[in-house]
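Notes for the structure review
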Amino acid sequence: MNWDLFEGLLSGVNKYSTAFGRIWLSLVFIFRLLVYVVAAERVWSDDHKDFDCNTRQPGCTNVCFDHFFPVSHIRLWALQLILVTCPSLLVIMHVAYREAKQQRHRAAGRDSGHCLYPNPGKKHGGLWWTYMLSLVFKAGVDVVFLYIFYHLYRNYTLPRLVKCELSPCPNVVDCFISRPTEKNIFTLFMVVTTCICILLSLIEATYLIGKRCRECILAGSSDSQDCSPSSAEPAGMEGQVFHGVDYKPPTASIPPTASSPDAPPKEETLP
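About the cut-offs
Residues numbered from 1 in each chain as written. Predicted model: local features only at pLDDT ≥ 70, side-chain atom pairs only at ≥ 80, totals over all residues. Heavy atoms only, no water. Salt bridge = Lys/Arg side-chain N within 4 Å of Asp/Glu carboxyl O. Buried < 20%, exposed > 50% of the residue type's maximum accessible area, 1.4 Å probe, protein only. Helix = DSSP H or I, 4+ residues; strand = E, 2+ residues; numbered from the N terminus. Core = buried A, V, L, I, M, F, W, Y, C linked by side-chain atoms within 4.5 Å. Contact = heavy atoms within 4.5 Å. Disulfide = S-S within 2.5 Å.

1. Considering the pattern of salt bridges
Taken as a whole, this structure holds 4 salt bridges when the rule is applied. Across the salt bridge formed by Glu-182 and Arg-179, the nearest N and O atoms sit 3.8 Å from each other. We classify Arg-179 as partly exposed; its relative accessible area is 36%. In this structure, the salt-bridge partner of Arg-212 is Glu-215, at a minimum N-O distance of 3.8 Å. Placement of both Arg-212 and Glu-215 in helix 6 (residues 180-227) is noted, with a separation of 3 residues, approximately one turn of the helix. Overall, the relative accessible area of 22% leaves Arg-212 in the partly exposed class.

This is how it looks when you write it as structure tokens:
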């Protein structure tokens, strides 16, 4: 395994994930991938070799083993891990596509101070849908594999003894499984970690949907405030003009009257 390439992929997934996504990634890497590589493969390495049946009939052991173990735990877990981690790589590819498109836009001289993606890793538009679909796909894959394990191995446990009467076995033979207790412990451990990963994916999807709904509500309220008149006149005050403190109203000139002391005397006309 090329650990440098794997480390680069992990750092890219961790960079564009939320806090719940980082917890999910740590859980998958430490408690599922490392346990699978370091311990689980060794436990199931002697799976077929140490499957003993109390008969010498040729082919009976192989037929019984294929009946009770149609798919090995190790191969199922390997396929599950591959399918679970692939959607995270799609998010990285979408971000890389955004960055390449932004670079082509700048190279063509059409930037003019406007960026296509101010922050290519921000989950908006198509990247939000890609991230959301990746969460749904990861949770769905884990649920499907939990059902497969439960259908193949009832209650996720392995018995110590199985009875087989398939052809070419001469009669009902007893077959013994190697290290059943250790295998049951690893199986239950993988099941529990898978359930936690499903829960984290659902919580992260709920968080992203709630955050998007909150942003839409805030954007709608800000638009309604911008459209409302900011200088509306109070009721009953339309058409009134307000002046400053130093304003003096103009005085109207009053024509002099007879009773006014400043009025000039009238001249009397003689008959």
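2. Examining the environment of Lys-49
Counting through the fold element by element, Lys-49 comes out in the loop between helix 2 (19-43) and strand 1 (52-53). Residue classification places Lys-49 among the exposed residues on the basis of a relative accessible area of 65%. A sequence separation of 129 residues divides Lys-49 from Ser-178, and the C-alpha atoms of the two residues are 8.9 Å apart.

3. Thoughts on the nonpolar core
Residues Trp-24, Phe-51, Cys-64, Phe-69, Trp-77, Val-173 and Cys-175 are the most contacted members of the largest nonpolar core, which totals 41 residues. Sorting the residues of this core by element identifies helix 2, helix 3 (60-68), helix 4 (73-107), helix 5 (126-152), strand 2 (161-164), strand 3 (173-176) and helix 6 as the ones contributing at least two each. No other element matches the 9 residues that helix 2 contributes to this core. Leaving out residues up to four positions away in the same chain, Val-173 has contacts with Asn-54, Thr-55, Cys-60, Cys-64, Val-162, Lys-163 and Cys-164. Within the second largest apolar cluster, 10 residues are counted, among which are Tyr-16, Leu-127, Tyr-131 and Ala-205.

4. Re the state of the cysteines
One pass over the full model with this rule turns up 3 disulfides. Here Cys-60 pairs with Cys-169 through a disulfide, and the sulfurs are 1.8 Å apart. On the sign convention where negative means left-handed, the S-S torsion of about 95° between Cys-60 and Cys-169 marks this disulfide as right-handed. One end of the pair, Cys-60, is in helix 3; the other, Cys-169, is in the loop between strand 2 and strand 3, and 109 residues separate them in sequence. Taking the relative accessible area as the measure of exposure, Cys-169 reaches 11% and is therefore buried. Paired by a disulfide, Cys-64 and Cys-164 hold their sulfur atoms 2.1 Å apart. Judged by the torsion about the S-S bond (-85°), the Cys-64/Cys-164 disulfide is left-handed. Of the two residues, Cys-64 sits in helix 3 while Cys-164 sits in strand 2, which places them 100 residues apart along the sequence. By the burial criterion, Cys-64 is buried, and Cys-164 matches it. Here the bonded cysteines of the protein chain are numbered in sequence order, and their pairing is 1-6, 2-5, 3-4. Considering cysteine sulfurs only, Cys-213 is the nearest to Cys-216, which forms no disulfide, with 6.5 Å between them.

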